[in-house]
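Residues per chain, in single letters:
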Amino acid sequence: QFRQRLAVSILSQKPLLIKNIRADSLSPGLRPYEISFLRLMDLMTNGSRIEINATGTQVRFLPGILTGGEMEHDCPVGSSTDDDDDDDGNNYDDDSDRLQYRSIGWFLEGILPLAPFGKNDLTITWTGITDGTCCGVDDPSVDYFKASALPV
C-alpha cells in the first residue's frame, strides 16, 4: 500500500504520515527500493518534501505539483558478488528476510496512476532489473507492461 498511499497523496494534494514501518521487525524501517520510490516521487513532482526519521520507521510526505517531463531513474539492484542471496537466489540480507530490491515493474505499477496527470508528458529512462521474477517475488516484467498497458 506504500506506493498507492503516495499516489493518492499526490493526486489529492494531502500530506501523508506513515508511522511504525516494520517497527517490530529485526530490520525495521524502509527498504532501499522504497527509498528509491520516494526519490522517484520527488523527481516527478515540484515542491514535494520528504522527511524520514533516523530509523526509517516514519515518513512524512508533503506532496508537490505533478510535473512530468523527461527524467532518469536508477532502480536499486544487487550485484552478482553480493552475499545477500539465499540458496534460492532471492535478495534477502543475512539478519532477516528483508527484501532489498525490486524490478522496474514494481516502480511502473506505482507511477501508472500518476502518469496521465502531470503538467507535461512523462518520459522516464529506467536502469534496473527488467525481469519481474529475478528478485524472488513476482513483480510484473517490463514486457508485461508493453504487452498489456495502454499507452499512458
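See above for the structure.
Residues numbered from 1 in each chain as written. Predicted model: local features only at pLDDT ≥ 70, side-chain atom pairs only at ≥ 80, totals over all residues. Heavy atoms only, no water.

Visitor: Is there a simple way to think about helix α3 (residues 104-111) in this case?
Guide: Helical geometry note: an α-helix holds 3.6 residues per turn, so side chains three or four residues apart project in the same direction. Summarising burial for α3: 7 of the 8 residues are buried, a large majority. Ile 104, Gly 105, Trp 106, Phe 107, Leu 108, Gly 110 and Ile 111 are the residues of α3 that are buried. Close packing links the buried residues of α3 with α1 (2-12), α2 (32-44), β6 (69-74), β7 (122-127) and α4 (142-148). (Buried < 20%, exposed > 50% of the residue type's maximum accessible area, 1.4 Å probe, protein only. Helix = DSSP H or I, 4+ residues; strand = E, 2+ residues; numbered from the N terminus. Contact = heavy atoms within 4.5 Å.)

Visitor: What's the story with the packing of α1 against α2 in this structure? I'm lost.
Guide: Helix-helix packing is characterised by the crossing angle of the two axes and by the distance between the axes. Between α1 and α2, the least distance of the axes is 11 Å, while the angle of their chain directions is 15 degrees. Considering the angle they form, α1 stands roughly parallel to α2. As for the relative orientation of α1 and α2, their crossing is right-handed in sense. Of the residues in α2, those touching α1 at Phe 2, Arg 3, Leu 6 and Ile 10 are Glu 34, Phe 37, Leu 38 and Met 41. (Axes fitted to C-alpha atoms, helices over the stretch in contact; angles between N-to-C directions. Parallel < 35°, antiparallel > 145°, perpendicular 65-115°, else oblique. Left-handed = near helix turned anticlockwise from the far one by under 90°.)

Visitor: How should the sheet that holds strand β3 (residues 49-52) be read in this particular structure?
Guide: Across a sheet, paired strands are connected by hydrogen bonds in the backbone, their directions being either parallel or antiparallel. The sheet built from 3 strands is open, its strands ordered β1-β4-β3 with antiparallel pairing. For this open sheet the edge positions go to β1 (16-18) and β3, each flanked by a neighbour on one side alone. Adjacent strand axes in the sheet meet at a mean angle of 10 degrees, parallel and antiparallel pairs treated alike. Two elements, β3 and strand β4 (residues 59-62), share 4 bridges in a ladder whose sense is antiparallel. If you follow Glu 51 over to β4, its bridge partner there is Arg 60. (Pairing = 2+ DSSP bridges.)

Visitor: How should the packing of α2 against α3 be read in this particular structure?
Guide: Two elements in contact, α2 and α3, have axes whose closest approach is 11 Å; the angle formed by their N-to-C orientations is 45 degrees. In terms of orientation, α2 lies oblique with respect to α3. Judged by the sense of rotation from one axis to the other, the crossing of α2 with α3 is right-handed. Contact residues: Tyr 33, Glu 34, Ser 36, Phe 37, Leu 40, Met 41 and Met 44 in α2; Trp 106, Phe 107, Gly 110 and Ile 111 in α3. Its residues assigned to classes, the contact of α2 with α3 shows 8 nonpolar, 2 polar and 1 charged. (Nonpolar A, V, L, I, M, F, W, Y, C, P; charged D, E, K, R; others polar.)

Any link to function would need more than the numbers given here.
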